[in-house]
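Residue-level listing of the chains:
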Amino acid sequence: ASCDEEQPDATDAPRKRTRIRKETRRETVPISQALRALQQSFGSLSRSTAGTTTVLCRALGINPYLQQDGQEFWKLFIPELDFPKMAELYSGHFVDYLREVVDDDEDCAGEEKKSDEDATAPRERIKNEPFLDLSIPVAEGGGSVESTLAEMFTQPELLRVSEGNGWRPSKGSPKVDAHKGSSLQLAGLPSLLQLHLKRFKYDWDSGETSKINDCCSFPRELDLSDIVEDASSGAEDDTIYDLQSIVIHKGEYGSGHYYSYVRPDVNNDRWYRFDDELVVEVAYEDVVADAFGGARRKRNRSRGNSSADGSGRSGVVRRRGLFRLIRSLFGFLRPVRIGGCNYGYGGRSSSAYQLQYTKRSDASKLMY
């Protein structure tokens, strides 16, 4: 070769290979054992009508042959996945507070904490409490999610010194009357609000645990504007949640069966029941009949409103007519009628155990 010909730079190829290796390293993100096991479980569903969760249960350290409590499993499942993007969707916080009662408490409630020397300012102690879900007590005799949330976050307990309670604001100071409660604020509202309905109660006299299957209603649209303290400072949709999914428990304490109702897209009203390998589209009225619990649930159908969203579309009418035909052919899809009351798909022992709501202002950011 002529000496005048340009010779290739011997360092070009190694440089290029090094660049490729670095880019590959950047794209490789290690995932947790539980998340990989979840991936394998979904993979098994794509290959068979009945997938397996054995690998997932092994990764979580639980026995697949023993029934797990749905809410306890949830509390274990999310941290074990170690997937921050998912955890952030459910992460919220509320404020626990102790606040001194003073004569002009209503005027001072919104002020910042002042020194103990200022007798007109209520002294307070606050603490942020993070949550992945909120536990809602189910009242015996019936109640609703809205009224219980309002009681939890807008009706503090009054600690009176005259009744032997009271609060000591600082070491050595005398006890004072105080409000003890919790509050919700806009900054603490998660994109996905998970509610746990506490349907199991322990009887201290008998030492037994039983299930409260009384009616606990919940709305399709959950408006928290009257509960969130600073709701007026945000957009209207920041305090509105749309119901997306429900976990049903059928049975009594210590035994039973879980299945769910899911609306994959909150922008429409198409609901599906997932019961192991059986997946069926259902009307929202059927969801309510199965999920509220108690003897008061009735499946009310309005002839003037042929679709759940009031659009009156003929396709929805035909679809519901088809489901009524299927229910008439297969008895297991009919509501169970006991003592003059219509029960849903799961019978008298079925009721909602967990609810998931999607914040309306964040719905467009979430992938379904």
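Let me sum up the structure you'll find in this document.

1. Focus: unusual backbone geometry
Positive phi is not limited to glycine here, since D82 has a value of about 50°. Positionally, D82 belongs in the loop between α4 (70-81) and α5 (84-90). The phi dihedral of D276 is positive, around 55°, even though this residue is not glycine. By the element assignment, D276 lies in the loop between β14 (271-275) and β15 (278-282).

2. Notes on the environment of V95
Relative to the assigned elements, V95 resides in strand β1 (residues 92-100). Placed 89 residues apart in sequence, V95 and L184 show a C-alpha to C-alpha distance of 6.5 Å. With residues near it in sequence (within four places) discarded, V95 still touches I126, K127, N128, G181, S182, S183 and Q185.

3. Thoughts on the side chain of E281
Following the sequence through the fold, E281 ends up in strand β15. Among the polar contacts listed, one links the side chain of E281 to the side chain of R270, at a separation of 3.1 Å.

4. Points about the pairing of strand β7 (residues 192-198)
With respect to burial, β7 is a largely interior element, six of its seven residues being buried. In terms of strand pairing, strand β3 (residues 134-137) meets β7 through four bridges, oriented parallel. Note on β7: the bridge partner recorded for I136 is L197.

5. Section: the packing of aromatic side chains
The way to describe two aromatic rings as a pair is by their centre distance and the angle between their planes. With the rule as written, the count across this model stands at twelve aromatic pairs. A ring pair is formed by W74 and Y90, whose centres lie 4.6 Å apart and whose planes are at 75°; its orientation type is edge-to-face. Placement of W74 in helix α4 and of Y90 in helix α5 is noted, with a sequence separation of 16 residues between them. For W74, a relative accessible area of 10% translates into the label buried. Between the aromatic rings of Y202 and W204, the centroid separation amounts to 4.9 Å while the plane-to-plane angle is 85°, which identifies the pairing as edge-to-face.

6. Focus on the pairing of strand β9 (residues 208-211)
As defined by bridge partners, strand β8 (residues 200-203) adjoins β9 across four bridges and the pair is classed as antiparallel. For D203, the partnering residue across the bridge sits in β9 and is E208. Between β8 and β9, which pair antiparallel in sequence order, lie four residues; one of them, G207, sits at a positive phi of approximately 75°.

7. Remarks on the nonpolar core
In this structure, F218, I246 and L355 are the most contacted members of the largest nonpolar core, which totals 40 residues. For this core, the elements supplying multiple residues, two or more each, are β3, α7 (145-154), β7, β12 (240-250), β13 (257-262), α8 (284-291) and β18 (350-359). Those residues within four positions of L355 in sequence are excluded, and the remaining contacts are V145, L193, Q194, L195, L197, F218, L243, S245 and I246. Judged by nonpolar contacts, the second largest core, of 17 residues, contains L35, L56, I62 and L132.

Criteria and thresholds
Residues numbered from 1 in each chain as written. Predicted model: local features only at pLDDT ≥ 70, side-chain atom pairs only at ≥ 80, totals over all residues. Heavy atoms only, no water. Helix = DSSP H or I, 4+ residues; strand = E, 2+ residues; numbered from the N terminus. Contact = heavy atoms within 4.5 Å. Polar contact = N/O pair within 3.5 Å; in protein donor to acceptor, adjacent residues only side chain to side chain. Buried < 20%, exposed > 50% of the residue type's maximum accessible area, 1.4 Å probe, protein only. Pairing = 2+ DSSP bridges. Phe/Tyr/Trp six-rings, centres within 6.5 Å; stacked < 30°, edge-to-face > 60°. Core = buried A, V, L, I, M, F, W, Y, C linked by side-chain atoms within 4.5 Å.

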